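# Analysis of the macromolecular model
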Amino acid sequence: MVRAGLTPERLTRAGAELADEVGFDQVTLSALARRFDVKVASLYSHLKNSQELRTRIALFALEELADRAAAALAGRAGKDALAAFADVYRDYAREHPGRYDAARLRLDPETAAASAGVRHARMTRAILRGYDIAEPDQTHAVRMLGSVFHGYVSLELAGGFSHTAVDSQESWAWLLDSLDALLRNQGGQDNEH
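Everything numeric in this text was worked out from a predicted model, so none of it was measured. (Residues numbered from 1 in each chain as written. Predicted model: local features only at pLDDT ≥ 70, side-chain atom pairs only at ≥ 80, totals over all residues. Heavy atoms only, no water.)

### Examining unusual backbone geometry
Applied cut-off: Each residue's exposure class comes from its accessible area (1.4 Å probe, protein chains only) as a fraction of the maximum for that residue type: buried when under 20%, exposed when over 50%, partly exposed otherwise. A run of H or I in DSSP counts as a helix once it spans at least four residues, and a run of E counts as a strand once it spans at least two, with each numbered from the N terminus.
Geometrically, the link from Glu135 to Pro136 is a cis peptide bond, its omega value of 0° lying close to zero. Even without being a glycine, Asp37 presents a positive backbone phi close to 55°. Residue class for Asp37 comes out exposed when judged on its relative accessible area of 68%. One non-glycine residue, Asp132, adopts positive backbone phi at about 60°. Among the structural elements, Asp132 can be located in the loop between α8 (117-129) and α9 (137-157).

See below:
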């Protein structure tokens, strides 16, 4: 019998909240069943397994993050767009660390192509077009920005910057200024490789 009120959407949202509380790696059907005070078997009418739950949380997080990024980018260009975009990722990771981890779950190609991950890539490329960066450098720049943002946020969340007198916000601003200068310098050049 299907327990009243349980739906795949409700379970996904509860799983996302659980991820923020205990870490994405700890999210399982068993943990979710305990949250709703039901037996694991009760969840199988809504979800196939823990992997489906994890994938649903990842898709939920990507969508939520893309919506925030799109709102932050509205009407912005250049460095303002770059900083707004970067801040969305950093703020989201601070507010929702489990969901942030979920957003980086490796998805199968078909699921990834239908996910909000595509929106993230489009927004990043739109920012880079403002710097007049064309292919193949645009792909390199997308990868660089993702690596820098994720690397910084991951180190910051792990406490990696808490042992120096320089505030991490000051370093974040410096990093964004540096990325802006690099992108402005790179843009519009006929780069020979």
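More follows now that the structure is in view.
### Some details on the packing of aromatic side chains
How two aromatic rings sit relative to each other is set out by the distance from centre to centre and by the angle between their planes. Operational definition: Here the aromatic set is Phe, Tyr and Trp, taking the six-membered ring for Trp, and pairing holds for ring centres within 6.5 Å; pairs whose planes are under 30 degrees apart are stacked, those over 60 apart are edge-to-face, and all others are tilted. Definition used: whenever NZ (Lys) or CZ (Arg) falls within 6 Å of the ring centre and also within 35 degrees of the ring normal, the charge is taken to sit over that ring.
Counted under the stated rule, the structure contains 4 aromatic pairs. Both rings, one in Phe85 and one in Tyr89, keep their centres 5.0 Å apart while their planes meet at 70°; by these two values the pair is edge-to-face. Of this pair, Phe85 and Tyr89 are both found in helix α5 (residues 78-95), 4 residues apart, which corresponds to roughly one turn of the helix. For the residue pair Phe85 and Tyr89, the accessibility class agrees, reading buried in each case. When the centroid spacing of 5.0 Å and the interplanar angle of 50° are considered together, the rings of Tyr152 and Trp172 count as tilted. In this pair, Tyr152 is assigned in helix α9 and Trp172 in helix α10 (residues 168-186), connecting sequence segments 20 residues apart. Look at Trp172 and you get buried, because its relative accessible area is 1%. An aromatic cluster is defined as three or more aromatic residues linked by ring pairs; in this entry it consists of Phe149, Tyr152, Phe161 and Trp172. Across the ring face of Phe24, the terminal group of Arg54 is positioned such that the distance to the ring centre comes to 4.0 Å.

### A word on the packing of α9 against α10
Note the following rule: For helices, the fitted line uses only the C-alpha atoms of the stretch in contact; every axis is such a line through C-alpha atoms, and the angle between N-to-C directions lies from 0 to 180 degrees. In what follows, roughly perpendicular refers to angles from 65 to 115 degrees, roughly parallel to angles under 35, roughly antiparallel to angles over 145, and oblique to any angle outside these ranges. When checking whether two residues touch, look at their non-hydrogen atoms; a contact exists if any pair is within 4.5 Å.
At a minimum axis distance of 12 Å, the contact between α9 and α10 shows a crossing angle of 175°. Here α9 is positioned roughly antiparallel relative to α10, judged by the angle of their axes. Mapping the contact onto sequence places Asp137, Ala141, Met144, Leu145, Val148, Phe149, Tyr152 and Glu156 in α9 and Ser168, Ser171, Trp172, Leu175, Leu176, Leu179, Leu182, Leu183 and Gln186 in α10.

### Considerations on the nonpolar core
Cut-off, in case you're wondering: We define the nonpolar core as a collection of buried residues of types Ala, Val, Leu, Ile, Met, Phe, Trp, Tyr and Cys that are connected through side-chain atoms lying within 4.5 Å of one another.
Formed by 59 residues in total, the largest nonpolar core has its most connected members in Leu32, Leu43, Leu82, Phe85, Phe149, Leu176 and Leu183. The dominant element in this core, judged by the number of residues it contributes, is helix α4 (residues 50-73), at 11 residues. Contacts of Leu43, omitting those with residues within four sequence positions, involve Leu6, Leu11, Leu29, Leu32, Ala33 and Val38.

### Quick notes on the pattern of salt bridges
Selection rule: Any carboxyl oxygen of Asp or Glu that lies within 4 Å of a side-chain nitrogen of Lys or Arg is treated as forming a salt bridge with it.
For the structure shown, the criterion picks out 13 salt bridges. Here Arg99 makes a salt bridge to Glu64, at a shortest N to O gap of 2.9 Å. With Arg99 in helix α6 (residues 97-102) and Glu64 in helix α4, this pair connects stretches of sequence that are 35 residues apart. Taking the shortest distance from any N to any O, the salt bridge between Lys79 and Asp177 comes out at 2.2 Å. Of this pair, Lys79 sits in helix α5 while Asp177 sits in helix α10, placing them 98 residues apart in sequence. The partly exposed category is assigned to Lys79, whose relative accessible area is 34%.

### Thoughts on helix α1 (residues 8-22)
The α-helix advances 3.6 residues per turn, and as a result positions three or four apart in sequence lie on the same side. Where we set the bar: Multiplying 1.5 Å by the residue count of a helix minus one yields the expected span of that helix.
Given a rise of 1.5 Å per residue, 15 residues ought to cover 21 Å, and the 20 Å separating the end C-alpha atoms of α1 matches this to within 8%. Residues of α1 that are buried include every one of Pro8, Leu11, Thr12, Ala14, Gly15, Ala16, Leu18, Ala19 and Asp20, and no others. Next to the buried residues of α1 lie α2 (29-36), α3 (40-43), α4, α5 and α6. Trailing α1 by a residue or two, Gly23 shows a phi angle of about 100°, which is positive.

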